[in-house]
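So the chains spell out like this:
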Amino acid sequence: MAKTTYDFAEIEPRWQQVWEEKGVFHASDDLSKPKYYVLIEFPYPSGQGLHVGHPRSYTALDVVARKRRMEGFNVLYPIGWDAFGLPTENFAIKTGQHPIAVTRRNTDNFRRQLKRIGFSFDWSREIDTTDPNYYRWTQWIFLKLWEHGLAYKNEMPINWCDSCKIGLALEEVKEGTCERCGAPVVRRVRSQWMLRITKYAERLLNDLDTVDYLPKIKTQQANWIGRSTGAEVDFRIAGHADKRMRIFTTRPDTLFGVTYMVLAPEHPLVGELTASCSNPAEVKAYVEAAARKTDFERTEVVKEVTGIEMKGVRALNPASGKEIPIWVADYVLISYGTGAIMAVPGHDERDWRFARKFGLPVVEVISGGNVDEAAFTDIDKGTLVNSGPLDGLKPDVAIKRMTELVEKAGYGHATTQYRLRDWIFSRQKYWGEPIPMVHCPACGWVPVPEDQLPLRLPEVERYQTTGTGESPLSLIADWVNVPCPKCGGPAKRETDTMPNWAGSSWYFLRYIDPKNDKALASPEKLKYWTPVDWYNGGMEHTTLHLLYSRFWHKFLFDIGIAPTSEPYKKRTSHGLILGENGEKMSKARGNVVNPDDMVRDFGADAFRLYELFMGAFDQPIPWSTNGLVGMSRFIQRVWDMQEKVSAKAALDAATNRLMHQTIRDVGERIESMKFNTAVASLMTLGNHFGTLDAIPSAAWEKFLVMLFPFAPHVAEELWSKLGHKDLVSTQPWPKFDPAQAKEDVIEVAIQVNGKVRGRIQVSSGATPKEVEAQALADDSVKGSLEGKSVRKVIVVPGRLVNIVAS
RNA sequence: GGGCGAGUGGCGGAACGGCAGACGCAGGGGCCUUAAAAGCCCCUGACCCGCAAGGGUCGUGUGGGUUCGACUCCCACCUCGCCCACCA
């Protein structure tokens, strides 16, 4: 038989069609089988099409999904579209096309691209967040959140571009300027829907202990939630018996060192006290100037600290009883803690700088440093001084003691503070889920009744911005003006839409029962399929998407919908694929690689192998189209080997041993996400086959079964060429037998004082003593041991012998 | 400023504290061919000694430490990447 070229262009689509026709990758609803739920982050179908970064995660978990099926699990590996989003809306505005049409075109393109790579997705469960049958349930969850007091309206600043006349999402703000026009972004206060994620802060943090996430993912979530323990303390204001200034501190031990107070410019007390101070005009001017500043200006690190004293008003230090000045400064944020701080310049760096600049007193209350030169902030060292009852205590003890004193005296208490903010859930955009609320002048906010869901996005003439900051929906009078669902009087719909994080916060539940029109999914199926067993995605989603979806899931658990309190059992992440030049891939840099080109030139299998082989899965790796060449050579070599396969060839010891070692390595490496070395060990076995005159068919078949998750098309084709009527897809994953992987004779290195001087062959059954004797007797070490005496011999079984001599 | 990663041949990268460089790419030599491409075989960390077979020294960002033994563990530092950033 003459050698042929592996014709991927003909073979790959053919098998894709067979798999699809037979539905081999469909998850079954036979709930008696053990299940395994594999999940990748569903893509945002952008106009640019798939990027070689997407398949990295999809291929890796595709390997896992295929292996699990072969291990006998009922596997759910679904796919869908996270299709609401700004780029689509912007493209629609620019070209005058309807976002629905744009989305359909983009998803069609993505679907075509993904199918050509041969992922084992269950396409029968495809979902789309912009489908009213899907967002009906997103809206339903919102109504439940509202019912349970977790959704509320609040005045919140938004990022506003004065030149585009539009509110911007955080991702549209680049270094304080508008991404599209470059004008500075200012803050504008607007009434917005908020979700009370902070109510779940404690559980979101504590329950990290119950899940199997990569440590760095846990750390990042924990830092984002940002729990700090400390105390809230009330400071009285001289001459204002009715007013209290409440602050949060993590260092109540330094209370005696407080020499002034600082309020955020937006703090209500600023307004209330302005009239009582002797420089009201100056204070007002400062507050107004701060409001005009952009967030970027306010948080710029290099910026000089600024502030203004509220002259004539004084706070009372509850510890020392002294009167201290009150300042207003924009380095204090209204959004964290209580928006007011006690300043301890001796032991806080920012307070120290501020005190220096404005000539405020610095008092040392913890000895151990030199507060004239720098703030002494080391909490583990030093001793309390100038602090009355705390003198002589260590800071950690003093914190507890002072908190007790404060509680006893009734002007404060121990408390926990989170960095996590409530979730701003409103967007003033068209292309998002309408928020199903109606505002009635008589009844206030009234939810749209559940039986009226989905509340569909109305057709609009223009998606252009309104110029007022309202969503384009506000321009459609007959949609906005509706009778109040409660009293029937004239009312108006909410015109804000949901952020694109909404649809992705629960999508993994919809895959479980995607066509259910009675519930977001049936309880039995939810019980069977949740939680997701393995979820892989990008590190960039750790703090937003991952946290938001955990929050929604916990809420759904609390109201009896979700059967588990955590959505994902295991979460891993992949590294970014960079351009060939080592820079981030982007259109602007001109270094984007299109998977279509790769699949056209090298085939889907070579592309998949390269995605896995290119490097450590969790590291960022530059793309190299050259690397694909090696993969297609490997596939071609495997293709050529089929001629040498023989049922008559005896399975020799070396081949059998290597085969079992490969079964072990490939299996272990898939589980530990070392896909690059898993491919390498398949290559090693392939290279060994290359050296044989005839390949025993027993070994060849096991090889094809193991190759299948990585390069499914060629594996399926070669399997069928053996005359099999069934599919390699449905073969069981091979069993590893340690006894058969064991070597009979092992080469052991002999070292003298840590340097390799020779090698010996030892039998695998030899005892350490026998190995030692054999090593000492070997000629190769004679020279190195000349004139020395052996002090010690270390035998590492199966590895080496180290002779320590001097 | 904080958090998290990472620094290994010409390149991508391997390596439970135990023979550094698996597996590939690129490069060199050979076979095949009228020739080329493809394929196959061999070589390929640096330096030194030797005609050769072979032998030796140095080598995992830098400097220390622990250990019989360190790419791996500990301390300090340098460089790069990502995320967060005046968080009281």
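Summary of the structure given here. (Residues numbered from 1 in each chain as written. Chains lettered and ligands numbered in written order. Predicted model: local features only at pLDDT ≥ 70, side-chain atom pairs only at ≥ 80, totals over all residues. Heavy atoms only, no water.)

**Structural notes on the overall build of chain A**
Inference 1: Broken down by element type, chain A carries 26 helices and 34 strands.
Inference 2: Counting only C-alpha atoms and orienting by the principal axes, one finds that chain A spans roughly 100 × 85 × 50 Å.
Inference 3: Each of the 806 residues in chain A was classed as buried or not, and the buried ones make up 53%.
Inference 4: Long-range pairs, those at least 24 residues apart, make up 72% of the contacts in chain A with a sequence separation of at least 6.
Inference 5: The distance from the centre of the 101 positive side-chain charges to the centre of the 100 negative ones in chain A is 1 Å. (Helix = DSSP H or I, 4+ residues; strand = E, 2+ residues; numbered from the N terminus. Buried < 20%, exposed > 50% of the residue type's maximum accessible area, 1.4 Å probe, protein only. Contact = heavy atoms within 4.5 Å. Lys, Arg positive; Asp, Glu negative; His and termini not counted. Charge placed at Lys NZ, Arg CZ, Asp CG, Glu CD.)

**A short note on the state of the cysteines**
Inference 1: Applying the stated rule across the entire model yields zero disulfides.
Inference 2: No disulfide involves Cys-440; its nearest neighbouring cysteine sulfur is the one of Cys-484, lying 3.6 Å away.
Inference 3: Counting only cysteine sulfurs, Cys-487 is the nearest neighbor of Cys-443, a cysteine outside any disulfide, at a range of 3.6 Å. (Disulfide = S-S within 2.5 Å.)

**Description of helix H16 (residues 545–558)**
Inference 1: The end-to-end C-alpha distance of H16, which contains 14 residues, comes to 20 Å, matching closely the 20 Å that a straight helix rising 1.5 Å per residue would cover.
Inference 2: Within H16, twelve of the 14 residues are buried, leaving the element largely enclosed by the surrounding structure.
Inference 3: Of all the residues in H16, the buried ones are His-545, Leu-546, Leu-547, Tyr-548, Ser-549, Arg-550, Phe-551, Trp-552, His-553, Lys-554, Phe-555 and Leu-556.
Inference 4: Remark: Gly-560 follows H16 within two positions and exhibits a positive phi of approximately 85°. (Expected span 1.5 Å × (residues − 1).)

**Points about the packing of aromatic side chains**
Inference 1: All told, the structure shown has 45 aromatic pairs when counted by the stated rule.
Inference 2: An angle of 45° between the planes, with centres 5.9 Å apart, marks the rings of Phe-84 and Tyr-135 as tilted. Residue Phe-84 is found in the loop between strand E3 (80–81) and helix H3 (86–95), and its partner Tyr-135 is found in helix H5 (residues 132–147); the two are separated by 51 residues along the sequence.
Inference 3: Look at Phe-84 and you get buried, because its relative accessible area is 2%.
Inference 4: Given a relative accessible area of 2%, Tyr-135 falls into the buried group.
Inference 5: Geometrically, the ring pair formed by Trp-327 and Phe-354 is edge-to-face, given 5.5 Å between the ring centres and 85° between the ring planes. Placement of Trp-327 in strand E15 (residues 323–328) and of Phe-354 in helix H11 (residues 349–358) is noted, with a sequence separation of 27 residues between them. You'll find Trp-327 and Phe-354 in the same group, each marked buried. (Phe/Tyr/Trp six-rings, centres within 6.5 Å; stacked < 30°, edge-to-face > 60°.)

**Considerations on the pairing of strand E33 (residues 790–796)**
Inference 1: Relative to strand E34 (residues 800–805), E33 runs antiparallel, the two being bridged by six bridges. Across the sheet, residue Ile-794 finds its bridge partner in E34, namely Asn-802.
Inference 2: The turn joining E33 and E34, which pair antiparallel and follow one another in sequence, is formed by three residues; a positive phi near 75° is taken by Gly-798. (Pairing = 2+ DSSP bridges.)

**Regarding the sheet that holds strand E21 (residues 437–440)**
Inference 1: Strand order in the open sheet formed by four strands is E22-E21-E24-E23, with antiparallel pairing between adjacent strands. Each end of this open sheet is capped by a strand with a single partner; those strands are strand E22 (444–447) and strand E23 (481–483). On average, each strand axis in the sheet is tilted by 40° relative to the strand beside it, whichever way the strands run.
Inference 2: One ladder, built from four bridges, connects E21 with E22; its direction is antiparallel. Of the residues in E22, the one forming a bridge with Met-437 is Pro-447. (Axes fitted to C-alpha atoms, helices over the stretch in contact; angles between N-to-C directions.)

**Points about the sheet that holds strand E26 (residues 570–574)**
Inference 1: Spatially, E2-E1-E25-E26-E10 is the arrangement adopted by the five strands of the open sheet, whose pairing is parallel. A strand with exactly one partner marks an edge of an open sheet, and here the two such strands are strand E2 (74–76) and strand E10 (212–213).
Inference 2: Direction of pairing for strand E1 (residues 35–40) relative to strand E25 (residues 534–538): parallel, over a ladder of three bridges. The partner of Val-38 across the bridge, within E25, is Trp-534.
Inference 3: Each of E10 and E26 is contacted by helix H7 (residues 215–225), which is oriented at about 100° to E26, the strand it contacts most.

**A closer look at the pattern of salt bridges**
Inference 1: Under the criterion given, the structure shown has 44 salt bridges.
Inference 2: Across the pair Asp-207 and Lys-554 runs a salt bridge whose closest N-O atoms are separated by 2.4 Å. Linking Asp-207 in the loop between helix H6 (201–206) and E10 with Lys-554 in helix H16, this pair joins segments that are 347 residues apart in sequence. Comparing Asp-207 with Lys-554 shows no difference in burial state: the two are buried.
Inference 3: Residues joined in a network through salt bridges with shared partners are Asp-29, Asp-122, Arg-125, Asp-513 and Lys-525. (Salt bridge = Lys/Arg side-chain N within 4 Å of Asp/Glu carboxyl O.)

**Digging into the packing of helix H19 (residues 625–641) against helix H23 (residues 712–721)**
Inference 1: Where H19 meets H23, the axes come as close as 11 Å, and the angle between the chain directions of the two elements is 5°. The angle between H19 and H23 falls in the class roughly parallel. In this structure, H19 contributes Ile-635, Val-638 and Trp-639 to the contact, and H23 contributes Val-714, Glu-717, Leu-718 and Lys-721.
Inference 2: In terms of residue class, the contact of H19 with H23 is made up of five nonpolar, no polar and two charged. (Parallel < 35°, antiparallel > 145°, perpendicular 65-115°, else oblique. Nonpolar A, V, L, I, M, F, W, Y, C, P; charged D, E, K, R; others polar.)

**A few points about the pairing of strand E31 (residues 745–752)**
Inference 1: By the bridge criterion, eight bridges tie E31 to strand E32 (residues 755–763) in an arrangement that is antiparallel. Opposite Ile-746, over in E32, you have Val-762 as the bridge partner.
Inference 2: As consecutive antiparallel partners, E31 and E32 are separated by two residues, and within that stretch Asn-753 has a phi angle of approximately 50°, a positive value.
Inference 3: Across four bridges, E31 lies against E34 in parallel orientation. When the bridges of E34 are listed, Ala-749 appears paired with Leu-800.

**Here we look at unusual backbone geometry**
Negative phi characterises most residues that are not glycine, and trans characterises most peptide bonds.
Inference 1: Residue Pro-454 follows Leu-453 across a cis peptide bond; omega there is -5°.
Inference 2: For the bond from Thr-530 to Pro-531, the omega torsion is -5°, close enough to zero to count as cis.
Inference 3: Here Pro-531 is to be found in the loop between helix H15 (523–529) and E25.
Inference 4: Not every positive phi belongs to a glycine, and Met-673 is a case in point at roughly 60°.
Inference 5: Within the secondary structure layout, Met-673 lies in the loop between helix H20 (653–671) and helix H21 (675–691).
Inference 6: Of the residues examined, Met-673 reaches a relative accessible area of 12% and is grouped as buried.

**A short note on the environment of Ala-222**
Inference 1: The topology assignment puts Ala-222 in helix H7.
Inference 2: Accessibility expressed as a relative area gives 24% for Ala-222, which makes it partly exposed.
Inference 3: Between the C-alpha atoms of Ala-222 and Asn-206, which are 16 residues apart in sequence, the distance is 9.0 Å.
Inference 4: The contacts of Ala-222, once residues within four sequence positions are left out, are Leu-205 and Leu-208.

**Overview of the side chain of His-347**
Inference 1: Mapping His-347 onto the fold places it in the loop between strand E16 (340–343) and H11.
Inference 2: Judged by its relative accessible area of 6%, His-347 falls in the buried class.
Inference 3: Not counting the four nearest positions on each side in its chain, His-347 is found in contact with Thr-254, Val-363, Glu-364, Val-365, Ile-366, Val-371, Ala-375, Phe-376 and Thr-377.

**Remarks on the packing of helix H2 (residues 54–70) against H20**
Inference 1: Axis separation between H2 and H20 bottoms out at 10 Å; the angle between their running directions is 125°. Compared by their axis directions, H2 and H20 come out oblique. In the crossing of H2 with H20, the sense of the turn from one axis to the other is left-handed. On the side of H2, the interface is formed by Val-63, Val-64, Lys-67 and Arg-68, while H20 contributes Gly-667, Ile-670 and Glu-671.
Inference 2: For the contact of H2 with H20, the per-class residue count stands at three nonpolar, one polar and three charged. (Left-handed = near helix turned anticlockwise from the far one by under 90°.)

**Focus: the environment of Asp-62**
Inference 1: Tracing the sequence through the fold places Asp-62 in helix H2.
Inference 2: Overall, the relative accessible area of 0% leaves Asp-62 in the buried class.
Inference 3: Spatially, the C-alpha atoms of Asp-62 and Glu-304 are 53 Å apart, while their sequence positions differ by 242 residues.
Inference 4: Contact partners of Asp-62, with chain neighbours within four places excluded, come to Tyr-77, Gly-118, Phe-119, Ser-120, Arg-608 and Pro-709.
Inference 5: Polar side-chain contacts of Asp-62 include one of 2.6 Å to the side chain of Ser-120. (Polar contact = N/O pair within 3.5 Å; in protein donor to acceptor, adjacent residues only side chain to side chain.)

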